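So the chains spell out like this:
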Amino acid sequence: MDSALQFASPMNSDELRVLSLVKGRKKHDAILNKDVQARTGLEDRKIRNIIRSLVVNYRQPIGSHTNPAGYYWIDNAPDIDEAHKRLRMRAVSYTHLRA
C-alpha cells in the first residue's frame, strides 16, 4: 500500500449530525445555517468547518449558497457545475493574496 495515500478517520458525532441534516435536501429546500445552529447547538464557524471537512475529507456532495446561508445535497449535473463555478470564483478572488 502506498504510504502517501491518506484516509479520513471516521466521522465524529458533530460531523454525523450535520451530515444527517443536509443529506438528501434539494437546493430549493436547503437547510439554513441558522437552523443547523438551532438543531445542533454548534456555532456558525464550527458548522462551516464541519461542512468543509465533509466535502474535502469525506467527499460528501454538499453545496452551499449565501443570502441566506444554507446547505444542500448535490445530486445532479447543474448543481455540480454551479458548485465548481462558485469554488473557482472564490479561488480567483484570493489570488491577490499570493503577492
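One can find the structure itself at the top, above this paragraph.
Heads up: these notes are all about the structure in this document.

Calculation rules
Residues numbered from 1 in each chain as written. Predicted model: local features only at pLDDT ≥ 70, side-chain atom pairs only at ≥ 80, totals over all residues. Heavy atoms only, no water. Salt bridge = Lys/Arg side-chain N within 4 Å of Asp/Glu carboxyl O. Axes fitted to C-alpha atoms, helices over the stretch in contact; angles between N-to-C directions. Helix = DSSP H or I, 4+ residues; strand = E, 2+ residues; numbered from the N terminus. Parallel < 35°, antiparallel > 145°, perpendicular 65-115°, else oblique. Contact = heavy atoms within 4.5 Å. Nonpolar A, V, L, I, M, F, W, Y, C, P; charged D, E, K, R; others polar. Core = buried A, V, L, I, M, F, W, Y, C linked by side-chain atoms within 4.5 Å. Buried < 20%, exposed > 50% of the residue type's maximum accessible area, 1.4 Å probe, protein only. Pairing = 2+ DSSP bridges. 1 Å grid on protein atoms, 1.4 Å probe; cavity = no way out; pocket = protein on both sides within 12 Å on 5 of 7 lines; lining within 4 Å. Points joined across faces, edges and corners; volume = space filled by probe spheres on them.

Attention now moves to the pattern of salt bridges. Across all of its chains, the model carries 5 salt bridges by this definition. When the shortest N-O distance is used, the salt bridge between Arg25 and Asp29 registers 3.4 Å.

What follows covers the packing of helix H1 (residues 13-22) against helix H3 (residues 44-56). Two numbers describe how H1 lies on H3: the axes approach to 10 Å, and their chain directions differ by 80°. The orientation of H1 relative to H3 falls into the category roughly perpendicular. Facing H1, whose interface residues are Asp14, Glu15, Val18, Leu19 and Val22, H3 presents Lys46, Ile50, Ile51, Ser53 and Leu54. Partitioned by chemical class, the residues of the contact of H1 with H3 number 6 nonpolar, 1 polar and 3 charged.

So, about the nonpolar core. Counting 15 residues, the largest nonpolar core has Val18, Val22, Ile51, Leu54, Ile62 and Tyr71 as the members making the most contacts within it. Elements supplying a minimum of two residues to this core: H1, H3 and strand E3 (70-73). Setting aside residues no more than four positions away along its own chain, Leu54 makes contact with Met11, Glu15, Val18, Leu19, Arg59, Gln60 and Ile62.

The next point concerns the sheet that holds strand E1 (residues 31-32). Picture the strands of a sheet paired through backbone hydrogen bonds; they go either parallel or antiparallel. Spatial ordering of the open sheet is given by E1-E3-E2, a layout of 3 strands whose pairing is antiparallel. Since the sheet does not close on itself, it has two edges, and those belong to E1 and strand E2 (62-65), each with one partner. The pairing of E1 with E3 spans 2 bridges and is antiparallel. If you follow Ile31 over to E3, its bridge partner there is Tyr71.

Moving on, we get to the layout of surface pockets. Summary: where empty space remains is shown by rolling a probe the size of a single water molecule over the atoms. In this model, the largest pocket occupies a volume close to 710 Å³. If you trace the largest pocket, you find 23 residues lining it, with Ile51, Ile62, Ser64, Leu87 and Arg90 closest to the centre. Every element with two or more residues in the lining of the largest pocket is listed here: H3, E2, E3 and helix H4 (77-93). When residues in the lining of the largest pocket are grouped by element, the largest group, 7 residues, is from H4. Classifying every residue of the lining of the largest pocket by side-chain character gives 13 nonpolar, 6 polar and 4 charged.

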